[in-house]
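Overview (structure and organization)
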Amino acid sequence: QVQLVESGGGLVQPGGSLRLSCEASGSIFSINAMAWYRQAPGKQRELVAAITSGDITTYADSMKGRFTISRDNAKNTVYLQMNSLKPEDTAVYYCKAEVRSNRSFRISDYWGQGTQVTVSS
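A brief structural summary. Given the structure is predicted, the values throughout are model-derived calculations rather than measurements.

Our next topic: the packing of aromatic side chains. Overall, the coordinates contain two aromatic pairs when judged by the stated rule. Pairing Phe29 with Phe105 gives two aromatic rings, centres 5.1 Å apart and planes at 70°, and the pair type is edge-to-face. One end of the pair, Phe29, is in strand β4 (residues 28–39); the other, Phe105, is in the loop between β9 (91–101) and β10 (107–111), and 76 residues separate them in sequence. With a relative accessible area of 51%, Phe29 lands in the exposed category. Under the relative-accessibility criterion, Phe105 is labelled partly exposed at 42%. The positively charged end of Arg19 is found above the aromatic ring belonging to Tyr79, 4.1 Å away from the centroid. One cation-aromatic arrangement involves Arg45 over Trp111; the distance from NZ or CZ to the ring centre is 4.7 Å.

In structure tokens:
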């Protein structure tokens, strides 16, 4: 099995910054794409940003220029640096990893448990 553990969420004032981390552990042979999603109350889960194993990044339009996704392959960790935060960024943030198992060698998607980000004065 594979576990993803997020950290770094919290309460921040508008205009502030937060850095989220998500570490994968368990039966990992390799990790392909990693991504951050978010879900606000009453809304569907949406993609925030994604990064391939070759460090190619994709961002949702509303996050471009404010958020930066990065990864440390040696640590099986993906990061999300969030700057210029707005109240509408308030949501639970989830990480996802596309993992090839070191037991079955099959590729599966795994999700973290989520971390709350609240932007409020």
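Moving on from the coordinates now.
Bringing the state of the cysteines into the picture now. Applying the stated criterion across every chain, the model contains one disulfide. Across a sulfur-sulfur distance of 1.9 Å, Cys22 and Cys95 are joined as a disulfide pair. Measuring handedness by torsion sign, the sulfur bridge of Cys22 and Cys95 sits at about 40° and is right-handed. Note that Cys22 is positioned in strand β3 (residues 18–26) and Cys95 in strand β9, a separation of 73 residues in sequence. What makes Cys22 buried here is its relative accessible area of 1%. A relative accessible area of 0% places Cys95 in the buried class.

Turning our eyes to something else, we now look at unusual backbone geometry. Of note, the phi angle at Asn76 is positive, near 50°, even though the residue is not glycine. Summarising the element assignment, Asn76 is placed in the loop between β7 (67–72) and β8 (77–82).

Take the environment of Lys43 next. Tracing the backbone shows Lys43 in the loop between β4 and β5 (46–51). The exposed category is assigned to Lys43, whose relative accessible area is 59%.

Formed by 32 residues in total, the largest nonpolar core has its most connected members in Trp36, Leu80, Met82 and Tyr93. Breaking this core down by element, the ones donating at least two residues are β1 (2–7), β3, β4, β5, β7, β8, β9 and β11 (115–119). Among the elements that take part in this core, β9 stands out by supplying five residues, more than any other. What Leu80 contacts, discounting residues up to four positions off in sequence, is Leu18, Arg19, Leu20, Trp36, Val48, Ala49, Phe67, Thr68, Ile69 and Tyr93.

Quick notes on the rules
Residues numbered from 1 in each chain as written. Predicted model: local features only at pLDDT ≥ 70, side-chain atom pairs only at ≥ 80, totals over all residues. Heavy atoms only, no water. Phe/Tyr/Trp six-rings, centres within 6.5 Å; stacked < 30°, edge-to-face > 60°. Helix = DSSP H or I, 4+ residues; strand = E, 2+ residues; numbered from the N terminus. Buried < 20%, exposed > 50% of the residue type's maximum accessible area, 1.4 Å probe, protein only. Lys NZ or Arg CZ within 6 Å of the ring centre and 35° of its normal. Disulfide = S-S within 2.5 Å. Core = buried A, V, L, I, M, F, W, Y, C linked by side-chain atoms within 4.5 Å. Contact = heavy atoms within 4.5 Å.

In short, the description is geometric, and any link to function would need to be established separately.
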